[in-house]
Each structure stands twice: as C-alpha cells, then as structure tokens.
Amino acid sequence: GNYILTDLSHAMLKYSESTLPKAACDMRALPFKSKFDLVLMIFDSINYLMTKKDLESAFCEISSVLAPGGIFTFDASMEENSKKHIAPHTEQKKTGGYQYTHTSVYNPVTKIHRNHFILKERDGREYRESHKQRIYTIEEFFMAIEKSGLYVLAVYDAFTMNKPRRNSKRVQFILKKENKDA
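About the thresholds
Residues numbered from 1 in each chain as written. Predicted model: local features only at pLDDT ≥ 70, side-chain atom pairs only at ≥ 80, totals over all residues. Heavy atoms only, no water. Pairing = 2+ DSSP bridges. Helix = DSSP H or I, 4+ residues; strand = E, 2+ residues; numbered from the N terminus. Axes fitted to C-alpha atoms, helices over the stretch in contact; angles between N-to-C directions. Buried < 20%, exposed > 50% of the residue type's maximum accessible area, 1.4 Å probe, protein only. Contact = heavy atoms within 4.5 Å. Polar contact = N/O pair within 3.5 Å; in protein donor to acceptor, adjacent residues only side chain to side chain. Phe/Tyr/Trp six-rings, centres within 6.5 Å; stacked < 30°, edge-to-face > 60°.

## Quick look at the sheet that holds strand S9 (residues 150-157)
Overall, mixed pairing links the four strands, which are arranged S3-S4-S10-S9 in an open sheet. Here the strands that pair on one side only, and so sit at the sheet edges, are strand S3 (36-41) and S9. For this sheet, the mean angle separating the axes of adjacent strands, direction not counted, is 15°. Across five bridges, S3 lies against strand S4 (residues 66-77) in parallel orientation.

This is the structure we're talking about:
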C-alpha cells in the first residue's frame, strides 16, 4: 500500500526516522489528488484546530481525500483531561543530558489549553516551544462532522472499546466516508 506521513511542521517531518514519503501540509487544505482508504490522525492533533470553522474545514478536506467507504480515525483530548491544569502546573525533569520544564494551563472560559516547554542542554543551549490547543465537546465534533460527507461509525473512551463518558479524558472517533455506490 501507499503511505504518506504528514505534519504542518517541515522540521517535524525532517527529524522523523521513518523512510515513508512525507508531505508538509495543513489538514485544512490537503494537497492530495489520490484517494486513501484510511486516514489516521494521532495524539490529539485535532485539538490544534482553533475554531469550529477550522474543524469543519479539516473534516471536509479529509473527506475529499478518502475513497468511498474509506475510514478516518482521530483521538481528541477532552475537557476532563485539561481541568487539572486550571491552576498552572509546572513539572521539571532531568533525563539524559537534558533538563526540561513543562508548564501547562487551561482556561475553561476560552477552552484553550496551553503547554510551554523549555529544554536545556548540558552545554547551556536552550530551546523553547509553546503549544495551544482548543478543547471541544463531543457534540461540537458531531456538528462539524455532519457537514463533511463523513459519518460516525463509533466513538470510544480512548484506549478502550467502551462508550465515552462525560468525564472521559480522551475519546477516539472512527468515521467513514459515505459510499454512494453501495
């Protein structure tokens, strides 16, 4: 089969050890003309979309690159996972030749979860990175999916085959593209 790794960040793809073909692209504007049987989006990448419009665009784009009957699966970080960071939480660790600081804070009004990382090497070099994610409800995902030509086959409490609960920290969605020929 044909596989392609994608990420918005060219640097992330550059440092990947995979020998699979890679494409730097935005999930809201996919450059592919081929059709895929399966699209996987891993580790809460969907939460990096900041608006409901962005969410809808991504679902429509993914639908456009899926073959009829194709599957799209993604996991999402839910509010229960972020609630413990309403008061900023900082963690510091040393590993190998590195020391890192991770600060996490969640704003329940804006539904924005921010993660800040500072990585220090033994030689004093320092790297900083910030991540901003939007936390959506299951209902918001369903509403965005509705407009895409995809439908929900299943939703699971992440890492299980159980139905999600109101207090699920992560959920896994399995979507399917409508097969108009069937």
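Alright, that's what it looks like, and here's the rest.
## Some thoughts on the environment of tyrosine 156
Along the polypeptide, tyrosine 156 turns up in strand S9. Judged by its relative accessible area of 21%, tyrosine 156 is partly exposed. The sequence separation of tyrosine 156 and phenylalanine 173 amounts to 17 residues, and the corresponding C-alpha distance is 6.6 Å. For tyrosine 156, the contacting residues outside a window of four places in its chain are Met161, Asn162, Pro164, Arg170, Val171, Gln172 and Ile174.

## What about the side chain of glutamate 140?
Its place among the elements puts glutamate 140 in helix H4 (residues 138-146). Within polar-contact distance, the side chain of glutamate 140 engages the backbone nitrogen of threonine 137 at 2.8 Å. Excluding residues within four positions of it along the chain, glutamate 140 makes contact with Lys52, Leu55, Arg134 and Ile135.

## Observations concerning the packing of aromatic side chains
Under the counting rule described, the total for this entry stands at nine aromatic pairs. Ring geometry for phenylalanine 72 against phenylalanine 74: centres 5.3 Å apart, planes inclined by 25°, an arrangement best described as stacked. Classification of phenylalanine 74 by relative accessible area gives buried; the value is 0%. For the pair phenylalanine 74 and phenylalanine 141, a centre-to-centre distance of 5.5 Å together with 55° between the ring planes defines the contact as tilted.

## Some remarks on the pairing of strand S6 (residues 98-107)
Pairing of strand S5 (residues 89-95) with S6 involves seven bridges; the strand directions are antiparallel. If you follow lysine 93 over to S6, its bridge partner there is tyrosine 100. Remark: two residues form the turn of the hairpin made by S5 and S6, two consecutive strands paired antiparallel; glycine 96 in that turn has positive phi of roughly 55°. When S6 meets strand S7 (residues 112-121), the two strands line up antiparallel, connected through 10 bridges. From the neighbouring strand, threonine 101 faces S7, where its bridge partner is isoleucine 118. Joining the antiparallel neighbours S6 and S7 is a turn of four residues, in which lysine 111 adopts a positive phi near 65°.

## With respect to the sheet that holds S6
Judged by pairing direction, the sheet is antiparallel, and its four strands sit side by side in the order S5-S6-S7-S8 without closing on themselves. In this open sheet, the two edge strands, each paired with only one partner strand, are S5 and strand S8 (126-134). Sheet twist, expressed as the average angle between the axes of neighbouring strands with direction ignored, equals 15°. Bridge analysis of S7 against S8 gives nine bridges, and the strand direction is antiparallel. Note that in S8 the partner of phenylalanine 117 across the bridge is glutamate 129.

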